[in-house]
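# Structure at a glance
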Amino acid sequence: MASVLRGAADLAEAFERAETAREVGRLLLHGLWSFGARTITASSNALPVAATVGEFIASRHMFFQQSPQAWIDAYRLGGLHDRNPVVFASARRASAFQWTDCGFDEYSSWAGFGVARDLGFRDGFTVPCHGPGGRYGVISFGFERIELSPHEKRVMALAASVAHERMMVLSPPPDIRVRGPSLTPRERDCLAFVAEGLSDSDIAGRLGIGAVTAHAHVENAKRKLGARTRAQAVAKLYAFGFI
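Rules and cut-offs
Residues numbered from 1 in each chain as written. Predicted model: local features only at pLDDT ≥ 70, side-chain atom pairs only at ≥ 80, totals over all residues. Heavy atoms only, no water. pLDDT = per-residue confidence, 0-100. Helix = DSSP H or I, 4+ residues; strand = E, 2+ residues; numbered from the N terminus. Contact = heavy atoms within 4.5 Å. Core = buried A, V, L, I, M, F, W, Y, C linked by side-chain atoms within 4.5 Å. Buried < 20%, exposed > 50% of the residue type's maximum accessible area, 1.4 Å probe, protein only. Axes fitted to C-alpha atoms, helices over the stretch in contact; angles between N-to-C directions. Parallel < 35°, antiparallel > 145°, perpendicular 65-115°, else oblique. Left-handed = near helix turned anticlockwise from the far one by under 90°. Nonpolar A, V, L, I, M, F, W, Y, C, P; charged D, E, K, R; others polar. Pairing = 2+ DSSP bridges.

### A word on the confidence of the model for the protein chain
In this model, the protein chain carries a mean pLDDT of 80, and residues with pLDDT of at least 70 account for 80%. Per-element averaging of pLDDT across the protein chain places helix α3 (residues 53-58) at the bottom with 45 and helix α2 (residues 21-31) at the top with 94. Overall, residues 47-58 carries pLDDT values under 50, and its contacts beyond four positions in sequence, including any with other chains, amount to 15 contacts.

### Considering the nonpolar core
In this structure, L28, F125, I139, F141, F143, L191 and I203 are the most contacted members of the largest nonpolar core, which totals 52 residues. For this core, the leading source of residues is helix α7 (residues 150-170), giving nine residues.

### A look at the packing of helix α8 (residues 185-195) against helix α9 (residues 200-207)
Direction vectors running N to C along α8 and α9 enclose 125°, while the axes themselves pass 10 Å from each other. Taken together, the axes of α8 and α9 lie oblique to each other. You can see that α8 and α9 cross each other, and the crossing is right-handed. On the side of α8, the interface is formed by R186, D189, C190, F193 and V194, while α9 contributes I203, R206 and L207. Residue composition of the contact of α8 with α9, by class: five nonpolar, no polar and three charged.

### Focus on the pairing of strand β5 (residues 136-143)
Burial within β5 is extensive, with eight of its eight residues counted as buried. Burial along β5 is two-sided: the face carrying Y136, V138, S140 and G142 and the face carrying G137, I139, F141 and F143 are both buried. Sheet topology places strand β1 (residues 37-45) next to β5; eight bridges connect them, and they run antiparallel. From the neighbouring strand, T39 faces β5, where its bridge partner is G142.

### Focus on the sheet that holds strand β4 (residues 123-128)
What the five strands build is an open sheet, ordered β2-β1-β5-β4-β3; its pairing is antiparallel. The two strands at the open ends of the sheet, each matched to only one other strand, are β2 (61-66) and β3 (97-98). Where β4 and β5 come together, six bridges link them in antiparallel fashion. Paired with T126 across the strands is S140, a residue of β5. Sheet strands in contact with helix α5 (residues 85-92) are β3, β4 and β5, and its direction is about 135° off that of β5.

Right, here's the structure in full:
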């Protein structure tokens, strides 16, 4: 885990220096270019998944998009958002996934896949970025070809999560105010050590507390941050500038 966190740490520091959500998006795509990422779409929706397609699209808050104009035109004018399996797969998932591995039979017959293939993009990688208050966020990358190792996928997912949180801070969607979490100093310290790759026992030794207590501090911080995993908690802590 330590190497994964270090792999995204440099990008996280760059995101903190960014002044706009668009700048964060450009930094993210540039940072993951060596992984094969060639397009990016980063957005957030305040409506729950059960909303109608029309309501869902109308509520979409676009942070940043860099895609061929032909794709943007086809998506806007050709109704490709309708029954887009990538969109609805990300709404139902908490973890990142590769498009062709998402397990939906309808993906191969979705019109958007044919358009993307014609433009030279044969696969993609999507990172769900959900949050409190019914917020549904997502960052998707398009690839000319995709041969990512499990480690690279974890780095991409963590970097995208950090970027999305920073975008939310810089450009919150209407009716969503982003507040920093109310963490205790000890909770912040414990998560900072998690970011360095330390275990509960290691953290306990550094702080002179019991391993059970260290674990409790980390779990409390995760709950307050709305994070499902330790990596997500660290990503959110980076986004709010606590690390």
